[in-house]
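# What the coordinates show
Here is how the chains run, residue by residue.
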Amino acid sequence: MKFFAHSNGHDFELDIQPERDKLLITCNGKQIVLALDEAKWSIRTAFIGDRRLDFGWDRSDGVYNLHIEGIEYEVVVRDPKTESLAKVVGEGPAASQTAEVKAPIPGLITKVLLKAGDVVKKDQPVLCLDAMKLENEISAPRDGTLKSIEVQPGQAVEKGQSLFVVG
Amino acid sequence: MKFFAHSNGHDFELDIQPERDKLLITCNGKQIVLALDEAKWSIRTAFIGDRRLDFGWDRSDGVYNLHIEGIEYEVVVRDPKTESLAKVVGEGPAASQTAEVKAPIPGLITKVLLKAGDVVKKDQPVLCLDAMKLENEISAPRDGTLKSIEVQPGQAVEKGQSLFVVG
Amino acid sequence: MFKKVLIANRGEIALRVIRACRELGIRTVAVYSEADRWSNYLSYADEAYCIGPAPARESYLKIDTILDVARRSGAQAIHPGYGFLSENADFSHACKQAKIKFIGPSAATMRAVGNKIAARQTAQKLGLPVVPGISGQVDEKQVIDFGKQHGYPLLLKAAGGGGGKGLRVVREEKDAAKALREASSEAGHAFGNSTVFVEKYISKPRHVEIQVFGDRQGNVIHLGERECSVQRRHQKLVEESPSVAVDDRLREKMGETAKKIVKSVGYENAGTCEFLLDEKGSFYFLEVNSRLQVEHPVTEMITGLDLVQMQIAVAVGDRLPLKQDEVRQRGHAIETRICAEDPFSGFAPATGEVAAVRFPAGPFVRVDSDLRIRSQVTVFYDSLVAKLIVWAEDRPTAVDRMLRSLREFKVVGVQTTIPFQIQLFQNRKFRAGKIHTHFVDQEFDFKDVKEEHHEEAAILAGALEFLRREQMTPKYASPRPISPWKMAFRDDL
Amino acid sequence: MFKKVLIANRGEIALRVIRACRELGIRTVAVYSEADRWSNYLSYADEAYCIGPAPARESYLKIDTILDVARRSGAQAIHPGYGFLSENADFSHACKQAKIKFIGPSAATMRAVGNKIAARQTAQKLGLPVVPGISGQVDEKQVIDFGKQHGYPLLLKAAGGGGGKGLRVVREEKDAAKALREASSEAGHAFGNSTVFVEKYISKPRHVEIQVFGDRQGNVIHLGERECSVQRRHQKLVEESPSVAVDDRLREKMGETAKKIVKSVGYENAGTCEFLLDEKGSFYFLEVNSRLQVEHPVTEMITGLDLVQMQIAVAVGDRLPLKQDEVRQRGHAIETRICAEDPFSGFAPATGEVAAVRFPAGPFVRVDSDLRIRSQVTVFYDSLVAKLIVWAEDRPTAVDRMLRSLREFKVVGVQTTIPFQIQLFQNRKFRAGKIHTHFVDQEFDFKDVKEEHHEEAAILAGALEFLRREQMTPKYASPRPISPWKMAFRDDL
């Protein structure tokens with residue numbers, strides 16, 4: 001069975017075949033033997049070739065979360081059909097002239113210092129993002145005009161959520 | 001909604017109605033207000049009237065396992081239709097003349113000392129049941145003949161499983 | 001130091017030894033029977049090998065198979081844990097033959113003290129006090145004659161083991177035959193040695209044992225006592241140190257006696273000398289357990305030492321890391337054994353899958369357990385599922401900490417002895433330290449509180465079923481989320 | 001003794017205080033914001049009350065609401081934990097007015113020492129060494145003038161709080177304005193007091209603090225030091241006791257200094273005097289933290305005391321349970337703070353649901369945490385999700401135990417700092433004790449090991465997806481159960 005796996009910009013092409021009680025996997029052309037326990041919880045043990053690995057895992061919204069040596073990996077796994085579909089969709093419009101500023105961390109918007117239409121200088125604070133009790137000023141990445149402000153004071157934002165656009 | 005609940009020989013008739021964020025329950029005629037948290041795991045908190053209770057729970061094969069103050073309860077819950085059906089099925093044939101001996105504890109049969117057809121005296125050992133490293137002799141409950149022996153040496157038995165029948 | 005150690009055991013003690021090894025930078029090899037294929041301890045080891053079917057005789061007691069795994073995996077030493085092969089002299093000898101270090105005493109030492117009869121004789125030769133009895137295989141007639149001479153009750157004991165296996169109290173002459181047969185069979189079954197001997201049964205004795213340690217250089221120290229008087233049918237339930245019945249003078253006297261015994265046989269590694277302490281403060285030597293004890297954490301909490309790491313160091317050939325006058329005891333430690341048994345049904349073994357487990361924690365609380373969510377408790381092995389150990393500056397504080405911890409402890413899905421222990425640690429006599437080995441069986445009144453909660457269980461099960469059905473096919477208009485805390489906790493504030 | 005105590009806090013410290021109360025037989029009242037409705041600590045309390053929406057200002061900092069809950073629930077005392085209202089003199093005062101005992105110092109004491117500027121002045125009056133600086137609100141010009149006079153870098157500090165909030169290092173004159181603005185805003189936001197002061201920045205100092213305790217009878221003792229030099233951006237990451245830089249003589253000197261300061265203000269309850277220790281062994285008084293510290297377990301492990309229970313006893317009016325010469329320190333304890341932050345993305349806060357958690361355990365390992373399976377980690381509060389504390393007879397053994405424990409510790413679903421800590425405790429300089437407050441920011445080279453595992457993550461995710469699909473619609477004939485241990489662990493034996 002063929003799959004495409006994507007882990008934070010790293011792309012892998014997998015071919016998986018069961019062989020007795022293990023899996024034969026070709027990963028980007030490399031041959032690997034995988035053995036996996038059947039433990040019925042989110043922490044399991046695997047052998048990747050000779051390397052023994054305790055790992056944690058979870059699957060939500062079709063995305064696998066792998067926990068290896070204390071590190072979290074989000075892995076998208078697609079079969080060939082879904083992969084080609086995703087590629088087409090993923091090819092969005094070319095980067096525009098505007099600069100969209102996203103939340104670097106999840107947090108709470110405590111202050112919005114400017115409003116849409118204001119002229120901003122590079123490094124001028126636009127709003128304050130409070131995360132885990134530390135206040136962070138989020139500044140304009142370049143000179144321009146604030147095209148829009150997407151958030152309001154008191155709003156909780158996720159990492160990567162759009163905050164404002166400088167045009 | 002009406003239910004019948006059975007916990008190890010104790011029978012309860014329940015009528016359950018939601019009321020805002022709690023449940024109004026009539027249990028064998030007694031009025032009770034129940035509040036239950038929404039914790040997403042097997043250990044939860046409830047208020048039965050004023051009494052606060054941490055409890056564990058699990059459901060397998062339609063039977064609820066409740067864990068209250070360190071004690072496990074197996075509770076069968078049925079709606080009125082299933083209850084009447086169960087009553088009919090439950091009325092088996094009258095107790096026979098034979099004595100069936102069941103495993104008092106789960107364990108491993110290590111020895112079978114007699115065979116079907118043998119004459120036994122009351123308290124005569126019939127087989128040995130090894131449970132958690134302690135060996136237990138299981139004896140005939142009365143004088144008679146061994147009608148059948150249902151187990152073999154090396155066999156693992158569950159609690160309540162039939163071991164032999166004295167006729 | 002060893003590079004790789006094999007642990008010839010399972011469950012919590014396998015995990016305990018793996019942890020000790022990992023701190024020392026030693027790689028670990030675990031073994032497992034088919035019933036333990038998904039047990040928790042395996043995921044802590046560097047390697048794990050299947051050694052056979054579930055019954056211990058076909059896996060954990062298979063000397064050849066285990067030595068084979070040791071050789072193939074390149075393990076330089078084997079830690080036997082407790083139980084199984086831990087006191088098997090043949091195994092210790094076979095390890096030596098295979099040039100794999102057995103982490104424990106030599107076969108010769110084991111033979112000299114590990115067997116109860118030999119240990120008695122050793123003690124008697126040294127002029128140390130022992131309980132009257134016959135050392136050597138006894139037959140029915142001998143038992144009956146001994147009973148006539150010394151009076152009942154008598155105690156039948158397996159020569160080869162411990163832990164309550166092969167033990168029978170004979171209260172009347174007519175029970176002698178059956179008891180002897182059962183004890184002998186159990187002993188043969190558990191230790192491969194069906195020899196049983198008989199002794200006088202001392203009334204209301206305390207079980208007090210001394211932890212000893214010897215190195216290859218011939219140094220021997222003791223690490224104080226553990227009182228294990230709280231037993232149910234000869235199975236220890238609670239162990240503590242110090243004993244309320246042992247003062248500094250008695251500790252020194254018992255400690256020196258213990259050292260004398262083990263020194264006389266050139267004892268290497270960890271061992272325990274068991275004594276009975278009678279109501280007048282006289283003590284009688286019982287036997288030497290030539291292995292790490294289940295209750296070793298009690299001594300660790302009091303002394304600050306890691307006994308497993310000391311075992312490994314001594315096995316490597318290191319000197320003991322401290323001298324007798326450097327041993328410092330501090331505070332009070334108590335352990336209790338949480339078993340998968342139903343105290344409301346005569347402690348019948350409980351089995352099944354663990355739906356959830358919540359360990360207690362907080363200052364000076366330690367849990368040694370191999371349980372985790374979805375663990376399987378089977379009939380094949382000991383019912384011990386967790387050891388709960390607490391420490392405090394004094395005994396009353398330790399008991400309160402134990403109670404708090406027991407109330408926090410939840411094992412959902414398999415009945416444990418926790419409700420029994422919660423009552424035990426509230427018991428007035430226990431709290432006053434008025435304990436002896438028959439305390440639980442004869443004086444402690446366990447209250448069957450199970451009946452009190454059937455109604456609650458039924459109500460909760462009914463409510464859960466109601467909510468399950470509502471979720472599948474809602475029948476009540478716009479069901480509001482059940483937010484009880486709002487109501488129950490009066491947040492109309 | 002109190003019959004009922006309210007805990008005006010959340011998470012691990014709420015659980016810590018609840019445990020202390022339960023051991024003393026005190027009933028507990030927990031409070032929670034809407035974001036904590038299903039938090040773990042609530043299930044350990046006897047009662048729990050909602051006190052408002054998620055933001056702390058609308059819940060955990062609401063003095064009136066909390067006092068209202070205390071009155072309605074019949075709580076006789078309030079334990080504030082750390083953070084939130086713990087060092088708020090107005091709260092201490094309001095409790096007194098409401099005739100509810102505040103478990104901590106009086107408002108007057110807090111005002112005298114809790115504020116950094118006041119504490120400095122107190123120390124200066126007593127002739128004790130402090131770092132050069134301006135005590136009092138400073139404006140931009142004053143900061144720039146101070147920089148001209150004493151040279152850069154400078155340190156801006158909030159007068160009202162601790163824990164890295166309202167702290168800014170100014171390395172160049174041009175950064176002064178922004179830093180002052182941010183520090184001031186953060187301070188106001190966190191402590192309701194935007195006062196910021198400036199001082200000289202000492203290079204490579206160690207952060208060493210002394211735990212002190214005072215009772216109502218005027219007795220004051222110290223419980224030794226904690227070294228908290230391992231910090232990242234002024235947030236403590238590792239705390240240990242004893243400090244490698246403190247010998248008995250220095251300990252006594254610093255201890256007596258700390259006692260002098262708190263005695264001068266009639267200090268009651270637990271407090272901590274923070275010092276900078278420079279490379280020559282000179283120390284400078286920084287401030288008094290008039291509350292229980294996050295890192296109090298380190299002192300507990302060393303002294304055998306339960307500091308929270310001591311706080312409660314002293315609040316009741318009891319004398320301190322021991323005198324200075326009865327304080328005994330033993331061994332070495334280390335704590336590290338496990339935070340929900342991504343060390344591979346500049347320690348950005350990580351949030352989400354915990355899929356599984358496996359705490360380390362074993363001898364002398366303690367985890368203080370409110371995490372459990374399905375816990376939600378939100379942006380509203382501190383990122384601390386667990387404190388891992390180990391004890392051993394000496395520092396190298398403790399560090400090895402810490403490493404073993406960190407490797408056992410799994411929090412699945414939310415990125416934590418554990419990979420960072422695993423590298424830290426292997427670091428040679430750290431192991432040699434060559435640490436100072438800039439060690440992590442300037443000397444420790446954190447290796448981004450995340451890149452090493454993308455392939456493994458992809459392979460495992462692919463395999464899991466394959467097995468998921470096979471289970472739903474099997475495509476391979478008679479698929480044998482995947483029993484890898486058989487193969488991988490070579491049980492062809």
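Residues numbered from 1 in each chain as written. Chains lettered and ligands numbered in written order. Predicted model: local features only at pLDDT ≥ 70, side-chain atom pairs only at ≥ 80, totals over all residues. Heavy atoms only, no water.

## Topic: the packing of aromatic side chains
Definition in use: Put simply, two rings from Phe, Tyr or Trp (the six-membered ring, in Trp's case) pair if the centres are within 6.5 Å, and we call them stacked under 30 degrees between planes, edge-to-face over 60, tilted for the rest. Comment: elements are numbered from the N terminus, with helices defined as DSSP H or I runs of at least four residues and strands as E runs of at least two. Criterion for a charge above a ring: Arg CZ or Lys NZ at most 6 Å from the ring centre, at most 35 degrees from the ring normal.
Counted under the stated rule, the structure contains 32 aromatic pairs over all chains. Ring geometry for Tyr60 of chain C against Tyr381 of chain C: centres 5.5 Å apart, planes inclined by 80 degrees, an arrangement best described as edge-to-face. Here Tyr60 of chain C is found in the loop between strand S3 (47-50) and helix H2 (63-73), whereas its partner Tyr381 of chain C is found in the loop between strand S21 (376-377) and strand S22 (384-392), with 321 residues between them in sequence. Between Phe275 of chain D and Phe283 of chain D, the aromatic rings sit 5.4 Å apart at their centres with planes inclined by 90 degrees, giving edge-to-face as the arrangement. Among the aromatic residues, those joined into a cluster by ring pairs are Phe344, Phe347, Phe420, Phe439, Phe444 and Phe446 of chain C. It is Arg358 of chain C that lies over the ring of Tyr44 of chain D; its NZ or CZ is 4.1 Å from the centre.

## Description of the sheet that holds strand S16 (residues 162-166) of chain B
Residues and elements named next belong to chain B. Here is the rule we go by: Two strands pair if DSSP finds at least two bridges between them.
Strand order in the open sheet formed by 4 strands is S9-S16-S14-S11, and the pairing between neighbours is antiparallel. Strands with a single pairing partner mark the edges of an open sheet, and in this sheet they are strand S9 (99-102) and strand S11 (119-120). Looking at chain direction, S9 and S16 are connected through 4 bridges and run antiparallel. By the bridge assignment for S16, Lys102 is matched with Ser162.

## What to know about empty space enclosed by the protein
The line we're drawing: The way it works is a 1 Å grid over only the protein atoms, where trapped points that fit a 1.4 Å probe form a cavity and open points with protein on both sides within 12 Å along at least five of seven lines form a pocket, and then any residue with an atom within 4 Å of a point lines it. Grid points are joined across faces, edges and corners, and a volume is the space filled by probe spheres set on the points. Note on residue classes: Ala, Val, Leu, Ile, Met, Phe, Trp, Tyr, Cys and Pro are nonpolar, Asp, Glu, Lys and Arg are charged, and everything else, Gly too, is polar.
A full pass over the atoms with the stated rule returns 5 cavities of 30 Å³ or more. Volume-wise, the largest cavity comes out at about 820 Å³. The wall of the largest cavity is formed by 38 residues, among which Val357, Arg358 and Phe359 of chain C together with Val357 and Phe359 of chain D lie closest to the centre. Elements with a contribution of two residues or more to the lining of the largest cavity: helix H1 (11-23), strand S19 (356-358) and strand S20 (365-369) of chain C together with helix H1 (11-23), strand S19 (356-358) and strand S20 (365-369) of chain D. Within the lining of the largest cavity, the residues separate by chemical class into 24 nonpolar, 6 polar and 8 charged. Computed from the structure, the second largest cavity encloses a volume of approximately 280 Å³. Lining the second largest cavity are 20 residues, and of these Met301 and Phe364 of chain C together with Met301, Phe364 and Trp391 of chain D sit closest to its centre.

## Here's the deal with the interface of chain D and chain A
Condition: In this analysis, two residues are considered to be in contact whenever any of their non-hydrogen atoms come within 4.5 Å of each other. Buried area is a sum: the accessible area each of two parts loses on coming together, probed at 1.4 Å, counted once for each and added. What counts as a salt bridge is simple: a side-chain nitrogen of Lys or Arg found within 4 Å of a carboxyl oxygen of Asp or Glu. Polar contacts, as used here, are pairs of N or O atoms within 3.5 Å; protein pairs need one atom able to donate a hydrogen and one able to accept it. Residues neighboring in sequence count only if both atoms are side-chain atoms.
Listed per partner, the contact involves 70 residues of chain D and 71 residues of chain A. Carbon and sulfur atoms make up 67% of the area that chain D and chain A hide from each other, which totals about 6,300 Å². Between chain D and chain A we count 4 salt bridges in total. In this structure, Lys30 of chain A engages Glu455 of chain D in a salt bridge whose closest nitrogen and oxygen atoms are separated by 2.8 Å. Inspection of the chain D/chain A interface yields 15 residue pairs in polar contact (both at pLDDT 80 or more). When contributions to the side of chain D that touches chain A are tallied by element, the ones reaching two or more residues are helix H7 (176-191), strand S17 (348-349), S19, strand S23 (410-412), helix H15 (454-472) and helix H16 (484-488) of chain D. Ranked by residue count, the leading element in the side of chain D that touches chain A is H15 of chain D, at 17 residues. Considered class by class, the residues forming the side of chain D that touches chain A number 33 nonpolar, 15 polar and 22 charged.

## Re helix H5 (residues 116-125) of chain C
All names here are of chain C. To keep it simple, the criterion reads: The rule is simple: take the accessible area with a 1.4 Å probe, protein chains only, and divide by the maximum for that residue type; under 20% is buried, over 50% is exposed, in between is partly exposed.
With 7 of 10 residues buried, H5 lies mostly within the body of the structure. Listed as buried for H5 are Lys116, Ile117, Ala118, Ala119, Arg120, Thr122 and Ala123. On its buried face, H5 sits against helix H4 (107-114), strand S6 (133-134), strand S7 (154-158), strand S9 (196-200), helix H8 (248-264) and strand S14 (283-289).

## Description of the pattern of salt bridges
In this structure the tally under the stated criterion is 105 salt bridges over all chains. Residue Asp37 of chain B pairs with Arg44 of chain B through a salt bridge whose shortest N-O separation is 3.2 Å. Comparing Asp37 of chain B with Arg44 of chain B shows no difference in burial state: the two are buried. Across the pair Arg16 of chain D and Asp306 of chain D runs a salt bridge, and its minimum N-O distance is 2.8 Å. Taken together, the positions of Arg16 of chain D in helix H1 and Asp306 of chain D in the loop between helix H9 (296-303) and helix H10 (307-316) put the pair 290 residues apart, joining distant regions of the chain. By the burial criterion, Arg16 of chain D is buried, and Asp306 of chain D matches it. Overlapping salt bridges, with partners in common, bring together Arg16, Arg19, Glu23, Glu300, Asp306, Arg366 and Asp368 of chain C together with Arg401, Arg404 and Glu408 of chain D in one network.

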